[in-house]
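Architecture at a glance
These are the residues of each chain, in order.
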Amino acid sequence: MKTVRISLNSIDKVKSFVNELVKFPDVDFDLVSGRYVIDAKSIMGIFSLDLSKPIDLNIHADANRMDEILSALTPYIISE
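It should be emphasised that the depicted structure is a prediction, and the values quoted were computed from it without experimental measurement.

1. Regarding the overall build of the chain
Looking only at helices and strands, the chain has three helices and five strands in total. Shown N-terminal to C-terminal, the secondary structure of the chain runs as helices and strands in the order β-α-β-β-α-β-α-β. For a compact globule of 80 residues, the expected C-alpha radius of gyration is about 12 Å, and the chain comes in at 11 Å, within 12% of that figure. Taking the principal axes of the C-alpha coordinates as reference, the chain spans close to 30 × 25 × 20 Å. Within the chain, the proportion of its 80 residues that are buried is 39%. The centroid of the 9 positive side-chain charges in the chain is displaced by 6 Å from the centroid of its 12 negative side-chain charges.

Have a look at this one:
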């Protein structure tokens, strides 16, 4: 598992973010905001979070796929 900080501060960013995640059907992604843990592939779940602040994204993937996933998510990552 790897955790990165992401920013989803617009509706368009949320939609494109989820579209990137669904390209990895065998990988689980969780968004963590405070005590809430949301499936990152759920648009409705994402909109239930406070999107004005950075959110932690937990990526549950094999190490050999991690570079490919991080490359796809580069526009959303604010720090590693």
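2. What to know about the nonpolar core
In this structure, Ile-6, Phe-17, Phe-29, Leu-31, Leu-57, Ile-59 and Leu-73 are the most contacted members of the largest nonpolar core, which totals 26 residues. Per-element accounting of this core gives the leading share, four residues, to helix 1 (residues 11-21).

3. Regarding the pairing of strand 3 (residues 36-39)
Here strand 2 (residues 28-33) runs beside strand 3; their pairing, made up of four bridges, is antiparallel. Opposite Ser-33, over in strand 3, you have Tyr-36 as the bridge partner. The antiparallel hairpin formed by strand 2 and strand 3 contains two residues in its connecting segment, where Gly-34 sits at a positive phi of about 65°.

4. Some words on a nonpolar patch on the surface
Nonpolar side chains collect at one region of the surface, where Ile-11, Ile-43 and Phe-47 lie side by side and expose about 260 Å² of accessible area between them. What makes Ile-11 exposed here is its relative accessible area of 55%.

5. Quick notes on the side chain of Asn-58
Position of Asn-58 among the secondary structure elements: in strand 4 (residues 55-60). For Asn-58, a relative accessible area of 13% gives the class buried. Here Thr-3 takes part through its side chain, which lies 2.7 Å from a polar atom of the side chain of Asn-58.

6. Re the pattern of salt bridges
Side chains bearing opposite charge may pair, as long as their charged atoms lie close to each other. Counted according to the given criterion, the structure contains six salt bridges. Residues Glu-20 and Lys-23 are paired through a salt bridge, measuring 3.2 Å at the closest nitrogen-oxygen approach. Measuring nitrogen to oxygen at the nearest pair gives 3.5 Å for the salt bridge that ties Lys-53 to Asp-50. Each of the salt bridges in this network shares a partner with another, and the network as a whole consists of Asp-26, Arg-65 and Glu-68.

7. Considering helix 3 (residues 63-72)
Those residues of helix 3 that fall on the buried side of the exposure criterion are Met-66, Ile-69 and Leu-70. What you see down the axis of helix 3 is that its buried residues fit within an arc of 95°, all on one side. The outward face of helix 3, more than 90 degrees from its buried face, is lined by the exposed residues Asn-64, Asp-67 and Ser-71.

Conventions adopted
Chains are numbered independently. Their residues run from 1 in the order of the written sequence. In keeping with the predicted nature of the model, local features appear solely for residues at pLDDT of at least 70, side-chain atom pairs appear and are counted solely at 80 or more, and the whole-chain, interface and lining totals rest on all residues. Only hydrogens and water are removed before side-chain values are computed, so all heavy atoms of the structure are retained for them. In DSSP terms, a helix is any run of H or I states spanning at least four residues, a strand is any run of E spanning at least two, and both are numbered starting from the N terminus. Atoms counted for the radius of gyration: C-alpha only. Globule rule: 2.2 Å times the number of residues to the power 0.38. Each residue's exposure class comes from its accessible area (1.4 Å probe, protein chains only) as a fraction of the maximum for that residue type: buried when under 20%, exposed when over 50%, partly exposed otherwise. For the purpose of counting charges, residues Lys and Arg are taken to be positive, whereas Asp and Glu are taken to be negative. His and the chain ends are not included. Throughout, a charge is located at the NZ atom of Lys, the CZ atom of Arg, the CG atom of Asp or the CD atom of Glu. Among the buried residues, those of types Ala, Val, Leu, Ile, Met, Phe, Trp, Tyr and Cys that are joined through side-chain atoms within 4.5 Å form a nonpolar core. A pair of strands counts as paired when DSSP detects no fewer than two bridges linking them. Like-charged residues are merged into a patch within 9 Å and nonpolar side chains (Val, Leu, Ile, Met, Phe, Trp, Tyr) within 5 Å, provided each residue has over 30% relative accessible area and no salt bridge. All accessible areas in this document rest on Shrake-Rupley with a 1.4 Å probe, and a residue is counted as covered only by the protein chains that are shown. Here, a salt bridge means any side-chain nitrogen of Lys or Arg that lies within 4 Å of a carboxyl oxygen of Asp or Glu. Polar contact criterion, stated in full: a pair of N or O atoms within 3.5 Å, where within protein one must be able to donate a hydrogen and the other to accept it, and residues adjacent in sequence count only if both atoms are side-chain atoms. Here the arc refers to the directions that run from the helix axis out to each C-beta atom.

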